[in-house]
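Examination of the molecular architecture
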Amino acid sequence: MKKIKTIVICSSASFYKALFPIQNTLKSFGYKVILPKTAHKMKKNNNFDVSLHKTWYKNPQDYHKKKALMDAHFKEVVKGDAILVVNLEKNGVKGYIGGNALMEITLAYFYKKPIFILNDIDENSLIKEEVYGVGSVFLKGDLNYFSKIKPKTSRSLK
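Keep in mind that what you see is a predicted model, and the values were worked out from it rather than measured. (Residues numbered from 1 in each chain as written. Predicted model: local features only at pLDDT ≥ 70, side-chain atom pairs only at ≥ 80, totals over all residues. Heavy atoms only, no water.)

A word on the overall build of the chain
Here is the rule: Strands are runs of DSSP state E lasting at least 2 residues, helices are runs of H or I lasting at least 4, and numbering of each runs from the N terminus. A radius of gyration in this sense is built from C-alpha atoms; the matching globule rule multiplies 2.2 Å by the number of residues raised to 0.38. Whether a residue is buried, partly exposed or exposed follows from its accessible area with a 1.4 Å probe, protein chains only, as a fraction of its type maximum: under 20%, in between, or over 50%, in that order. Here a residue-residue contact requires only that any non-hydrogen atoms of the pair lie within 4.5 Å. Calculation of accessible area relied on Shrake-Rupley with a 1.4 Å probe; when residues are assessed, cover is drawn exclusively from the protein chains displayed. Charge convention: Lys and Arg are scored as positive, Asp and Glu as negative, and His as well as the terminal groups of each chain are ignored. Where a charge lies is defined by one atom per residue type: Lys uses NZ, Arg uses CZ, Asp uses CG and Glu uses CD.
The helix and strand inventory of the chain stands at 7 helices and 5 strands. When its helices and strands are written in sequence order, the chain yields β-α-β-α-α-β-α-β-α-β-α-α. The globule rule puts the C-alpha radius of gyration for 158 residues at 15 Å, and the 16 Å found for the chain is close to it. Looking at the chain residue by residue over its 158 residues, the buried ones come to 43%. Considering only contacts in the chain between residues 6 or more positions apart, those separated by 24 or more positions represent 66%. As displayed, the chain has an accessible area near 9,400 Å², and 53% of this comes from carbon and sulfur atoms. In the chain, the 28 positive side-chain charges and the 13 negative ones have mean positions that sit 11 Å from each other.

This is the structure in structure tokens:
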């Protein structure tokens, strides 16, 4: 496996608030970590209400905004060395992975990037075959996996 230096985090927008502690942990291991742009915007405004950002739900004329966000994050997936899918519980579904994250998984798979999934997915998930079929590495909620394969940087050589 190619040395992983940059990890692109993918997740449902519902989990964006939880991404920042994960980012900090990965950075402490020496990685560059990329989060979705909307996650940064939400943090800056200290408002993680997803409905304020998904304006296309109420106004279909805004789907161009969704497309632009997808395009931007897809480019990050292609540039990065690996993806980490943060899949928490949502609406009673354990290890929820939504449509957009599945698209990012597909892109990572196509570009031969390692795919890490933070938590197991629900046994009844409709996308179980796809998530397992691309050779995902399931971390069982433990980010310490990344401390064992951390990149060699000037910080980690000290």
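Focus on the confidence of the model for the chain
Rules: One confidence number per residue, pLDDT, is output by the predictor and ranges from 0 to 100.
When pLDDT is averaged across the chain, the result is 91; 95% of the residues are at 70 or more. Throughout residues 154–158 the model reports pLDDT below 50, and contacts reaching past four residues in sequence, or to other chains, amount to 6 contacts.

Examining helix H4 (residues 99–110)
For clarity, the threshold we go by: A helix is expected to span 1.5 Å multiplied by its residue count minus one.
The end-to-end C-alpha distance of H4, which contains 12 residues, comes to 16 Å, matching closely the 16 Å that a straight helix rising 1.5 Å per residue would cover. Looking at H4, one finds that the buried residues are Ala 101, Leu 102, Glu 104, Ile 105, Leu 107 and Ala 108. In this fold, the buried residues of H4 make contact with strand S1 (6–11), helix H3 (63–79), strand S3 (82–86), strand S4 (115–117) and helix H5 (128–133). At the exit of H4 stands Lys 112, carrying a positive phi of roughly 60 degrees.

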